[in-house]
Amino acid sequence: MEKGESPEHCFKREVMEEGYVGGQCTQLGYNVVDHIENLLWTERSVYPKIGSSILSYE
């Protein structure tokens, strides 16, 4: 997500960039990835310490 961008706008932009598909979308849910208690996580990890995914479907 770009700074200041809404989850819906991010989803629509990514879908258009990757699949050249547009339309309306409805947010079905989301999940949060939290590695705060993961002792194996390091700053060099390919994954963020805290992140999220938006699950949407038209």
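Since this is a predicted model, take the numbers as computed values, not measurements.

Draft legend 1. Summary view of the overall build of the chain. A count of helical and extended segments in the chain gives one helix and two strands. Starting at the N terminus and ending at the C terminus, the chain contains elements arranged as α-β-β. Relative to the 2.2 N^0.38 estimate, which gives 10 Å for 58 residues, the radius of gyration of the chain is 14 Å and therefore markedly larger than a compact globule would have. Here the C-alpha coordinates of the chain stretch approximately 40 × 20 × 20 Å along the principal axes. Accessible surface, the chain as shown: approximately 5,300 Å² in total, 55% of it carbon and sulfur. Averaging the coordinates of the 5 positive side-chain charges in the chain and doing the same for the 10 negative ones gives two points 7 Å apart.

Draft legend 2. Representation of the confidence of the model for the chain within the structure. Scored by pLDDT, the chain comes out at a mean of 81, with 91% of its residues at no less than 70. Looking at the elements of the chain, mean pLDDT is at its lowest for strand β2 (residues 50-57), recorded as 68, and at its highest for helix α1 (residues 7-19), recorded as 86.

Draft legend 3. Highlighting the pattern of salt bridges. Summed over the entire model, instances satisfying the criterion amount to five salt bridges. One salt bridge in this structure joins arginine 13 and glutamate 5, with 2.8 Å as the shortest N-O distance. Lysine 12 is paired through a salt bridge with glutamate 8; the nearest N and O atoms lie 3.2 Å apart. Of the two residues, lysine 12 and glutamate 8 are both situated in helix α1; the distance of four residues between them amounts to about one turn of the helix. A residue is classified by how much of its surface remains accessible, and lysine 12, at 34% relative accessible area, is partly exposed. Salt bridges sharing partners connect three or more residues here, namely Glu2, Glu5, Arg13, Glu14 and Glu17.

Draft legend 4. Structural context of α1. Look at α1: 18 Å from first C-alpha to last across 13 residues, which is about the 18 Å you get at 1.5 Å a residue. Directly after α1, the chain includes tyrosine 20, whose backbone phi takes a positive value near 50 degrees.

About the criteria used
Residues numbered from 1 in each chain as written. Predicted model: local features only at pLDDT ≥ 70, side-chain atom pairs only at ≥ 80, totals over all residues. Heavy atoms only, no water. Helix = DSSP H or I, 4+ residues; strand = E, 2+ residues; numbered from the N terminus. Rg over C-alpha atoms; globule rule 2.2 N^0.38 Å. Areas by Shrake-Rupley, 256 points an atom, 1.4 Å probe, with all protein chains shown as cover. Lys, Arg positive; Asp, Glu negative; His and termini not counted. Charge placed at Lys NZ, Arg CZ, Asp CG, Glu CD. pLDDT = per-residue confidence, 0-100. Salt bridge = Lys/Arg side-chain N within 4 Å of Asp/Glu carboxyl O. Buried < 20%, exposed > 50% of the residue type's maximum accessible area, 1.4 Å probe, protein only. Expected span 1.5 Å × (residues − 1).

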